Amino acid sequence: MQRYSVEQAITEFIAATPLNAAAEIGLSAIYDRPLVGVAWAEDSLFASLQAEEVVGPRHLLPQDWLPAARSVVSYFLPFSRQVREANRQGKLPATEWLYARIEGELVNNALRKFLIEWFALAGYQAVAPGIDARHAVADRKSNWSERHVAFVAGLGTFSLNRSFITKAGAAGRLGSVIVTADLAATLREYRTYDEYCSKCNACIKRCPPQAIDTTGKNNDICAKFLDSMAERFKPRYGCGKCQTAVPCEAALPV
Ligand code: SF4
Ligand code: SF4
């Protein structure tokens, strides 16, 4: 199977699905055109994610999810300009950002389901760990970290604020499917885990509860702030100030 046909299917799904909008707040698109990366299921980097200092031993291998796994398709769904621009303002998350965070994940889950069916129609098996019954999070660590998988699949690198920077920036959502189809792997155009972060420190000033400093992000402070946003904006929540009005918002930082 050609990698291009998978990219095309993902792009067309996002362009066509009515879920990718929120008419009640005048949001015409949650996501722009996706980026897609592919990793070989046998890539040794997957095993390295099980090291305690990376994700940990509970992180599963592609073959644990799907014994006949051959490839892992990872994608980045960049938030639209409308979502990003709204969140550049103020200290509280913009309504558009809250919708992009919650309704946007519904789009992501619909894409995961679509891809499982799309591969099945082409004669292949597919598993999307993000919506699989075996998916679990303990101590804030997932047994399938979409960011680490995206790193293996050539989509980008980590950053000072522990988000993930792609060629379309950091503001957006990630997802993946493990498949039995043989697809050409994407070249990783980086050598270190945080190569795409320029260390400009702009995100430090953007963080309302000051969870970021030059050594990285304090997860406890960030999580506490997100909890307070969940209380305030129920049933939605979010923040993303460190991903907007920064050089890595929608492109690689210069
Ligand atoms: S704002 Fe600057 S330091 Fe912060 S993640 Fe983006 S590139 Fe890195
Ligand atoms: S999501 Fe918000 S609270 Fe968390 S690090 Fe980014 S700016 Fe700070």
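See the structure above.
This text gives an overview of the structure that appears in the document. Quantities reported herein were computed from a predicted structural model and do not represent experimental measurements.

**Description of helix H8 (residues 219-233)**
Line of reasoning, step 1. Its 15 residues place the ends of H8 21 Å apart at the C-alpha level, agreeing with the 21 Å of an ideal helix rising 1.5 Å per residue.
Line of reasoning, step 2. All of the buried residues along H8 are Cys-222, Ala-223, Phe-225 and Met-229. Angular distribution of buried residues about the axis of H8 spans 160°; they occupy a single face of the element. Exposed residues on H8 whose side chains face more than 90 degrees from its buried face are Asp-220, Lys-224, Asp-227 and Glu-231.
Line of reasoning, step 3. Taken together, the buried residues of H8 touch strand E10 (216-217).
Line of reasoning, step 4. By the N-cap criterion, in which a side-chain oxygen at the helix start approaches the backbone nitrogen of a residue two or three places on, H8 is capped by Asn-218, the distance to Asp-220 being 2.9 Å.

**Examining the packing of helix H1 (residues 3-16) against helix H5 (residues 95-121)**
Line of reasoning, step 1. Running from amino to carboxyl end, H1 crosses H5 at an angle of 140°, the nearest separation of the two axes being 11 Å. Between H1 and H5, the angle falls in the class oblique. At the point where H1 passes H5, the crossing takes the right-handed sense. Note on element contacts: H5 touches H1 through Val-107, Ala-110, Leu-111, Phe-114, Leu-115, Trp-118 and Phe-119, opposite Ser-5, Val-6, Ala-9, Ile-10, Phe-13 and Ile-14.
Line of reasoning, step 2. Class assignment of the residues belonging to the contact of H1 with H5 gives a composition of 12 nonpolar, one polar and no charged.

**Some words on the pairing of strand E2 (residues 71-78)**
Working note: regular strand, side chains alternate between the two faces of the sheet.
Line of reasoning, step 1. Across the eight residues of E2, eight count as buried, placing the element largely inside the fold.
Line of reasoning, step 2. What you see with E2 is no split at all: Ser-71, Val-73, Tyr-75 and Leu-77 on one side and Val-72, Ser-74, Phe-76 and Pro-78 on the other are buried throughout.

**Some thoughts on the pattern of salt bridges**
Line of reasoning, step 1. If you walk through the whole model with that rule in mind, you get 16 salt bridges.
Line of reasoning, step 2. In this structure, the salt-bridge partner of Asp-182 is Arg-70, at a minimum N-O distance of 2.9 Å. Of the two residues, Asp-182 is situated in the loop between strand E8 (172-179) and helix H7 (202-206) and Arg-70 in the loop between helix H3 (62-65) and E2; the sequence distance between them amounts to 112 residues.
Line of reasoning, step 3. On the basis of relative accessibility, which here comes to 44%, the residue Asp-182 falls in the partly exposed class.
Line of reasoning, step 4. Given the relative accessible area of 33%, Arg-70 is considered partly exposed.
Line of reasoning, step 5. Put simply, Glu-105 and Arg-173 hold a salt bridge, and the shortest N to O gap is 3.0 Å.

**Here we look at the site of ligand 1**
Line of reasoning, step 1. Neighbouring ligand 1 are 13 residues; Cys-197, Cys-200, Asn-201, Cys-203 and Cys-248 lie closest to it.
Line of reasoning, step 2. Residues of the shell around ligand 1, tallied by class, amount to eight nonpolar, four polar and one charged.

Rules used in this analysis
The numbers attached to residues start from 1 for each chain and follow its sequence in the written order. Each chain takes a letter, starting from A, and each ligand takes a number, starting from 1, following the order in which they are written. Only residues with pLDDT of 70 or above have their local features reported here, since the model is predicted, and side-chain atom pairs are shown and tallied only from 80 upward, although totals for entire chains, interfaces and linings are computed over all residues. Computation of side-chain values covers all heavy atoms of the structure but excludes hydrogens and water. What counts as a helix is a DSSP run of H or I of at least four residues, what counts as a strand is a run of E of at least two, and both are numbered from the N terminus. A helix's residues, less one, multiplied by 1.5 Å, set its expected span. The cut-offs for exposure are 20% and 50% of the maximum accessible area for each residue type, with area from a 1.4 Å probe on protein chains only; residues under the lower value are buried, those over the upper are exposed, and the others partly exposed. Our arc is simply the arc of the directions from the helix axis toward the C-beta atoms. The contact criterion used throughout is that any non-hydrogen atoms of two residues lie within 4.5 Å. Polar contact is defined as a pair of N or O atoms within 3.5 Å, subject to the rule that within protein one atom must be able to donate a hydrogen and the other to accept it, and that residues adjacent in sequence are counted only when both atoms are side-chain atoms. Geometry is summarised by axes, namely lines fitted to C-alpha atoms with helices restricted to the contacting stretch, and by angles between N-to-C directions that run from 0 to 180 degrees. Every angle not falling under 35 degrees, over 145, or within 65 to 115 is termed oblique; those three ranges are roughly parallel, roughly antiparallel and roughly perpendicular. With the far helix as reference, a near helix turned anticlockwise by less than a right angle produces a left-handed crossing, and one turned clockwise produces a right-handed crossing. For this scheme, ten residues count as nonpolar: Ala, Val, Leu, Ile, Met, Phe, Trp, Tyr, Cys and Pro. Four count as charged, namely Asp, Glu, Lys and Arg, and the remainder, Gly too, count as polar. The term salt bridge refers to a side-chain nitrogen of Lys or Arg lying within 4 Å of a carboxyl oxygen of Asp or Glu. Residues are counted as near a molecule or strand when any one of their heavy atoms sits within 4 Å of it.

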